[in-house]
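Descriptive structure summary
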Amino acid sequence: MPLEPTKYIWHNGKLIAWDQAKIHVMSHVIHYGSSIFEGIRCYKTEQGAAIFRLQDHMQRLLDSAKIYRMDLDYSVDQLCRAVVETVEANGVAPCYIRPIAFRGYGELGVHPQRNPMEVYIGNFPWGKYVSGDHGADICISSWTRLAPNTLPAMAKAGANYMNSQLIRMEATVNGYDEAVALDVSGYVSEGSGENLFVVSKGQLLTSPLSNSVLNGITRASIITLAREMGLTVLEQSIPREMLYIADELFFTGTAAEVTPIRSVDRIVIKDGHAGPITQKLAAEYFGIAAGKRPDRFNWLTPVKVTAGEPVSA
Ligand SMILES: Cc1ncc(COP(=O)(O)O)c(C=O)c1O
């Protein structure tokens, strides 16, 4: 989906015009992938627009910065205020919010620390991410997810997405909606931009962080909602073949939200329809996001924007 520009982008403490948010081609990030970022959704709720789990996203941005020894001069609260300021100034909701921090222009060697850190926040309308309205048809990627102690999977760094791009392109070229990559030991890791859940014999399973997955905020939300419903949730390594014989499968992510999976490697999951547990969890998740169900975990940050209609896919 092409980017739809909004009016302003926040840069190092100030709102600037969308078209002014430019960087030099000799910036460190362009050459060495030295960026960290977040992806956040602002929903239209019955009470107005609201950002989903803003503090958790900003904390993860600071965690990514810490892993990469990037000094960001902002606290979680300051970053949250900056996001709210940007969304309110642009007056667009629902929308997708993209905070990014990277090493800028100064020196062009691998050693990064003498380059300035630049922080930007943009937001724009965005629709459905993983296509497949009746459930996604996915494959197992021939690409392996980041191995431990190579690129840290817990950091949401731009460089990790070179691996994600290979996974996603391979899926598209071969006619699938998305792919799941295995980790270096052959266990299920995650999609190119989503965590994965399996329903098996009434239990909910998802790969632990030790299988090279991003510590997804939607993943954490689904675990919380599932436990609230009384479901057993197990974070355990998942062998590939368990996907084929699962009762239900679904992706989670800020972009993917809760996306049911219809088939894996052309093997249809159960009867090919979103199963009851997937539907129940999705209803609860979207219910909170839409302000139709109580926000009992304080996941929503209200913003003063006249919320428009949801953007279409
Ligand atoms: C590789 C990867 N895994 C998982 C996720 C899901 O994370 P979250 O739910 O925090 O958006 C994302 C999306 O950001 C991702 O890029």
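Residues numbered from 1 in each chain as written. Predicted model: local features only at pLDDT ≥ 70, side-chain atom pairs only at ≥ 80, totals over all residues.

What follows is about the overall build of the chain. Helix and strand counts for the chain come out as seven helices and 17 strands. Here the C-alpha atoms of the chain give a radius of gyration of 19 Å, agreeing with the 20 Å that 2.2 N^0.38 yields for 313 residues. Taking the principal axes of the C-alpha coordinates as reference, the chain spans close to 55 × 45 × 30 Å. (Helix = DSSP H or I, 4+ residues; strand = E, 2+ residues; numbered from the N terminus. Rg over C-alpha atoms; globule rule 2.2 N^0.38 Å.)

Turning our eyes to something else, we now look at the site of the ligand. Taken together, 14 residues lie around the ligand, and Gly-216, Ile-217, Thr-218, Gly-253 and Thr-254 are the ones closest in. The element contributing the most residues to the shell around the ligand is helix H5 (residues 217-228), with three residues. Partitioned by chemical class, the residues of the shell around the ligand number two nonpolar, nine polar and three charged. (Near = placed C-beta within 6 Å. Nonpolar A, V, L, I, M, F, W, Y, C, P; charged D, E, K, R; others polar.)

Moving on to the domain arrangement of the chain. How large an interface is tends to be reported as the accessible area lost when its parts come together. Looking at the chain, the domain boundaries give domain 1 (8-124) and domain 2 (136-274). The partner domain 2 presents eleven residues to the 15 residues of domain 1 that form the contact. Elements represented by at least two residues in the side of domain 1 that touches domain 2 include exactly strand S3 (35-37), strand S4 (40-45) and helix H2 (54-67). Broken down by element, the residue count for the side of domain 1 that touches domain 2 peaks at five residues, all from H2. Class assignment of the residues belonging to the side of domain 1 that touches domain 2 gives a composition of five nonpolar, five polar and five charged. (Domains from an automatic or database assignment. Contact = placed C-beta atoms within 7 Å.)

Right, let's get into the packing of H5 against helix H7 (residues 276-289). Interhelical geometry of H5 versus H7 gives an angle of 115° and a closest axis separation of 10 Å. Classified by the angle between their axes, H5 and H7 sit roughly perpendicular to one another. Judged by the sense of rotation from one axis to the other, the crossing of H5 with H7 is right-handed. Contacts between H5 and H7 involve Ser-221, Ile-222, Leu-225 and Ala-226 on the former and, on the latter, Leu-281, Glu-284 and Tyr-285. Classifying every residue of the contact of H5 with H7 gives five nonpolar, one polar and one charged. (Axes fitted to C-alpha atoms, helices over the stretch in contact; angles between N-to-C directions. Parallel < 35°, antiparallel > 145°, perpendicular 65-115°, else oblique. Left-handed = near helix turned anticlockwise from the far one by under 90°.)

So, about helix H4 (residues 160-173). Over its 14 residues, H4 runs 21 Å from end to end, which matches the ideal 20 Å to within 8%, given 1.5 Å per residue. Along H4, the positions that sit buried rather than exposed are Asn-160, Asn-163, Ser-164, Ile-167, Arg-168 and Ala-171. The buried residues of H4 all sit within an arc of 130° when viewed along its axis, so they share a single face. For H4, the exposed residues set more than 90 degrees away from the buried face come down to Met-162, Thr-172 and Val-173. Those residues of H4 hidden inside the fold are in contact with strand S8 (136-144) and strand S9 (178-182). Within two residues after H4, Gly-175 carries a phi angle of roughly 85°, on the positive side. (Expected span 1.5 Å × (residues − 1). Buried ≥ 20, exposed ≤ 12 C-beta atoms within 10 Å, placed from the backbone. Arc of directions from axis to C-beta.)

One turn of the α-helix equals 3.6 residues, which is why residues spaced by three or four share an orientation. With twelve residues, H5 should cover 16 Å at 1.5 Å per step; its first-to-last C-alpha distance of 17 Å lies within 8% of that length. Positive phi appears at Gly-230, one or two residues downstream of H5, with a value of about 90°.

So, about unusual backbone geometry. Residues Ala-93 and Pro-94 are joined by a peptide bond in cis, for which omega reads 0°. Within the secondary structure layout, Pro-94 lies in the loop between helix H3 (76-90) and strand S6 (95-103). Positive phi, normally seen in glycine, also occurs at Lys-270, with a value near 50°. By secondary structure assignment, the location of Lys-270 is in the loop between strand S16 (267-268) and H7.

Across soluble globular proteins, nonpolar side chains show a tendency to be buried alongside one another. Judged by nonpolar contacts, the single largest core of 72 residues is most densely connected at Cys-42, Ile-51, Val-83, Val-87 and Val-303. In terms of residues, this core owes the most to one element, H3, which gives five residues. Three or more residues apiece are contributed to this core by two domains, here domain 1 (8-124) and domain 2 (136-274). (Core = buried A, V, L, I, M, F, W, Y, C linked by C-beta atoms within 7 Å.)

Alignment of strand S11 (residues 195-200) against strand S12 (residues 203-206), held across four bridges, turns out to be antiparallel. Along S12, the bridge assignment pairs Val-198 with Leu-205. Where S11 folds back on S12, the antiparallel hairpin that results is connected by two residues, among which Lys-201 adopts a positive phi of roughly 50°. Judged from the three bridges that link them, S12 and strand S13 (residues 233-235) form a sheet pairing that is parallel. (Pairing = 2+ DSSP bridges.)

Moving on, we come to the packing of H2 against H3. Running from amino to carboxyl end, H2 crosses H3 at an angle of 120°, the nearest separation of the two axes being 9 Å. Here H2 lies oblique to H3, going by the angle between them. For the pair H2 and H3, the crossing hand works out as right-handed. Each of Leu-54, Gln-55, Met-58, Gln-59, Leu-61 and Leu-62 in H2 lies in contact with H3, whose residues at this interface are Val-76, Leu-79, Cys-80 and Val-83. A per-class count over the contact of H2 with H3 returns eight nonpolar, two polar and no charged.

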